Amino acid sequence: TDPIRGGDGSLSGFAKITRDLTERREAAESLRRSQEQFQILVNGVTDYAIYMLDREGRVSSWNAGAERIKGYARDEIVGSHVSRFYTPEDREAGRPGHTIEAAVREGRFEGEGWRLRKDGSRFWAHVVVDAIHDDAGRLIGFAKITRDITERMEALAALEQAREALFQSQKLEAIGQLTGGVAHD
């Protein structure tokens, strides 16, 4: 309640100011529901590792797909540097840093390469790293999506081997026909 005073300073009454907070509450509730639904969506994806990195490249969030693909539970990995997933050869070559630098410079990095699971096994990964900025344009971290495409790469290699075997077979058949023709003549 606020006093209302006249031009001469005398008290002429009181005004009670009430604000309708309903709109604010509804907007806040809508935002909360939207964020909750987004989190449920991200956590429900299991074919892709979806996680966030802070500005220095440390894992700050982790979904079920990341756990399935990489083998680490959330509490084992949050706070670790992304370089942990790279092969020793790639770490030595500076690839984790190059990936983050490219995402900062270009806004996005996309590539493929060998990555490591918790058990030390390797898998061929397709990765996308997007730089994330706040409303003021400041870099706040990175969104990282990793997909295990090992089976696809193995299928392509098997197909290439089959093509090569077919080519060799056709070549031998042609040589055989040629030799048979020469012997006949």
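Given the structure is predicted, the values throughout are model-derived calculations rather than measurements.

(A) Fine view of the sheet that holds strand E6 (residues 139-148). Spatial strand order, E3-E6-E5-E4: 4 strands in an open sheet with antiparallel pairing. A strand with exactly one partner marks an edge of an open sheet, and here the two such strands are strand E3 (49-53) and strand E4 (108-116). Strand after strand, the sheet turns through a mean of 25 degrees between neighbouring axes, direction not considered. Summarising the sheet, E3 and E6 pair through 5 bridges and their orientation is antiparallel. What sits directly across from Leu 53, in E6, is Phe 142. Its contacts with the sheet place helix H5 (residues 95-106) against E4, strand E5 (122-133) and E6, and it is angled at close to 165 degrees to E4.

(B) Quick look at the packing of aromatic side chains. What the rule picks out here adds up to 5 aromatic pairs. For the pair Tyr 51 and Trp 62, a centre-to-centre distance of 4.9 Å together with 50 degrees between the ring planes defines the contact as tilted. Of this pair, Tyr 51 sits in strand E3 while Trp 62 sits in the loop between E3 and helix H2 (64-70), and the two are 11 residues apart along the sequence. Judged by its relative accessible area of 1%, Tyr 51 is buried. Residue Trp 62 is classed as buried on the basis of its relative accessible area, which comes to 6%. Between Trp 114 and Trp 124 the ring centres are 5.1 Å apart and the planes differ by 85 degrees, which places this aromatic pair in the edge-to-face class. Placement of Trp 114 in strand E4 and of Trp 124 in strand E5 is noted, with a sequence separation of 10 residues between them. Trp 114 gets classed as partly exposed once you look at its relative accessible area, which sits at 38%. The structure contains a cluster of three or more aromatic residues connected by ring pairs, namely Tyr 51, Trp 62, Tyr 72 and Phe 85. Cation over ring: Lys 70 sits above Phe 85, and NZ or CZ is 3.9 Å from the ring centre. The positively charged end of Arg 115 is found above the aromatic ring belonging to Tyr 86, 4.0 Å away from the centroid.

(C) Structural detail: the side chain of Lys 144. Within the element layout of this structure, Lys 144 appears in strand E6. A distance of 3.4 Å separates polar atoms of two side chains, one belonging to Lys 144 and the other to Thr 146. For Lys 144, the residues in contact, after removing those within four places along its chain, are Ala 49, Ile 50, Tyr 51, Leu 53, Val 82, Val 127, Val 128 and Val 129.

Reading the values: the criteria
Residues numbered from 1 in each chain as written. Predicted model: local features only at pLDDT ≥ 70, side-chain atom pairs only at ≥ 80, totals over all residues. Heavy atoms only, no water. Pairing = 2+ DSSP bridges. Helix = DSSP H or I, 4+ residues; strand = E, 2+ residues; numbered from the N terminus. Axes fitted to C-alpha atoms, helices over the stretch in contact; angles between N-to-C directions. Contact = heavy atoms within 4.5 Å. Phe/Tyr/Trp six-rings, centres within 6.5 Å; stacked < 30°, edge-to-face > 60°. Buried < 20%, exposed > 50% of the residue type's maximum accessible area, 1.4 Å probe, protein only. Lys NZ or Arg CZ within 6 Å of the ring centre and 35° of its normal. Polar contact = N/O pair within 3.5 Å; in protein donor to acceptor, adjacent residues only side chain to side chain.

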